[in-house]
Amino acid sequence: VEKELSPECREFLYMGTPPTGLQHHSLQFICQRYNKKPRYVTLYNTVDRIPVYSAYTFKRSDGEKCVDVPWMYEPQQLSTLSDTDEMQPFPRGYMHMNFEDTQAVLDDYTNAIIYERGTLNPDEHQDEPEDKASTYTLTNVVPIVPDFNNRVWNKQEHIIRKRLNNYCHGTAYIVTGITTSGKMIRRQNINRIAVPMYLWSAYCCVDFDHNAPYDERYKFPSFAHYGLNEEDNNEVVEISVQKLKEFLKKTTFVDQNFQIFVS
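Cut-offs applied
Residues numbered from 1 in each chain as written. Predicted model: local features only at pLDDT ≥ 70, side-chain atom pairs only at ≥ 80, totals over all residues. Heavy atoms only, no water. Core = buried A, V, L, I, M, F, W, Y, C linked by side-chain atoms within 4.5 Å. Buried < 20%, exposed > 50% of the residue type's maximum accessible area, 1.4 Å probe, protein only. Helix = DSSP H or I, 4+ residues; strand = E, 2+ residues; numbered from the N terminus. Contact = heavy atoms within 4.5 Å. Salt bridge = Lys/Arg side-chain N within 4 Å of Asp/Glu carboxyl O. Patch = residues over 30% accessible without salt bridge, like charges linked within 9 Å, V, L, I, M, F, W, Y side chains within 5 Å. Areas by Shrake-Rupley, 256 points an atom, 1.4 Å probe, with all protein chains shown as cover. Lys, Arg positive; Asp, Glu negative; His and termini not counted. Charge placed at Lys NZ, Arg CZ, Asp CG, Glu CD. Disulfide = S-S within 2.5 Å. Phe/Tyr/Trp six-rings, centres within 6.5 Å; stacked < 30°, edge-to-face > 60°.

- The name recorded for the chain in an unreviewed UniProt entry is Endonuclease domain-containing 1 protein-like, from Seriola dumerili.

In structure tokens, the structure reads:
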């Protein structure tokens, strides 16, 4: 957990700068560390107990999924500091954990059968096993409708992976986030996790293949997409980053200075 992002965590952000125009007392930066290395950045909402976005650098990959990685949590509790700054696996058979007030736990998802855990930084966009493993933390997870997750959103992650694999020559910076509408997952009659209304994502790759086919080339250096987290009318809409900014200004708590990629 960091008030000001450290230089080593800024390397996952275009121009070392996080999205601007997102201000709220419940928002905390997490420099997501796994096995002694920073892996990506998450802006986390400690009231809604979900990430607002995760920002990461895309790594060329064959799209293989990670296997046998335990779900993890953020030990610094997003409210008080602990002695370790690395994500930790949930202990087996745990009882109430002292950080439940500010972040989601596995029990929150156990009975929420109409949703599944969806990662904002997906392991498909990472290559090294440890980078893939680091995406399996509940601070990188939001509740997603299974049909939307499996039929629509995962397919779009695959499309972006192939596009960046093929036509991005340099570093691709990706920011994937959510908007909320007030719907919550409850546990024991207590509101626990906000359910996203929309998922959105944008990438920026300034060093790209200028000889790419036009239907791919116009989606560089940056492009974006969003989709509705519902069973119906949930097809992905691909748009410019500018149009995504305008859309998010209408649907979420960003202010007029909202900027995904600086300049």
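The discussion continues.
### Points about the nonpolar core
- The biggest cluster of nonpolar side chains holds 31 residues, and the ones touching the most others in it are Leu 22, Tyr 53, Trp 200, Leu 244, Ile 260 and Phe 261.
- Secondary structure elements with two or more residues in this core: β1 (27-34), β2 (37-45), β3 (50-57), β8 (173-187), β9 (190-204), β10 (222-228) and α6 (241-251).
- Once residues lying within four places of it in the same chain are set aside, the contact partners of Trp 200 are Tyr 53, Trp 153, Val 175, Thr 176, Gly 177, Ile 178, Thr 179, His 225, Tyr 226, Leu 244, Leu 248 and Ile 260.

### Considerations on the pattern of salt bridges
- As enumerated under the stated definition, the model contains 15 salt bridges in all.
- The shortest N-O distance in the salt bridge between Glu 8 and Arg 33 comes to 2.7 Å. Of this pair, Glu 8 sits in helix α1 (residues 7-10) while Arg 33 is found in strand β1, placing the two residues 25 residues apart along the sequence.
- The class of Arg 33 is buried, set by a relative accessible area of 13%.
- Here Arg 39 ties to Glu 130 by a salt bridge, and the two come within 3.0 Å at their closest N and O atoms. Residue Arg 39 is found in strand β2, and its partner Glu 130 is found in helix α3 (residues 129-133); the two are separated by 91 residues along the sequence.
- Put simply, Glu 100, Asp 108, Arg 187 and Arg 192 are held in one network by salt bridges that share partners.

### Quick notes on a negative patch on the surface
- A surface patch of like charges, here negative, comprises Asp 62, Glu 64, Asp 127 and Glu 128.
- The residue Asp 127 is located in the loop between β6 (116-119) and α3 in this model.

### Remarks on the state of the cysteines
- Counted according to the given criterion, the structure contains two disulfides.
- Paired by a disulfide, Cys 9 and Cys 31 hold their sulfur atoms 1.9 Å apart. An S-S torsion of about 95° defines the bridge between Cys 9 and Cys 31 as right-handed. Placement of the pair is Cys 9 in helix α1 and Cys 31 in strand β1, with a sequence separation of 22 residues.

### Regarding the packing of aromatic side chains
- Counted under the stated rule, the structure contains eleven aromatic pairs.
- Consider the rings of Phe 148 and Trp 153, whose centres lie 5.7 Å apart with planes at 40°: the pair is tilted.
- Exposure remark for Trp 153: the relative accessible area of 2% places this residue in the buried category.
- Ring geometry for Tyr 214 and Tyr 218: centres 5.4 Å apart, planes at 25°, overall stacked.
- Taken together, Tyr 14, Tyr 173 and Phe 261 form an aromatic cluster joined through their ring pairs.

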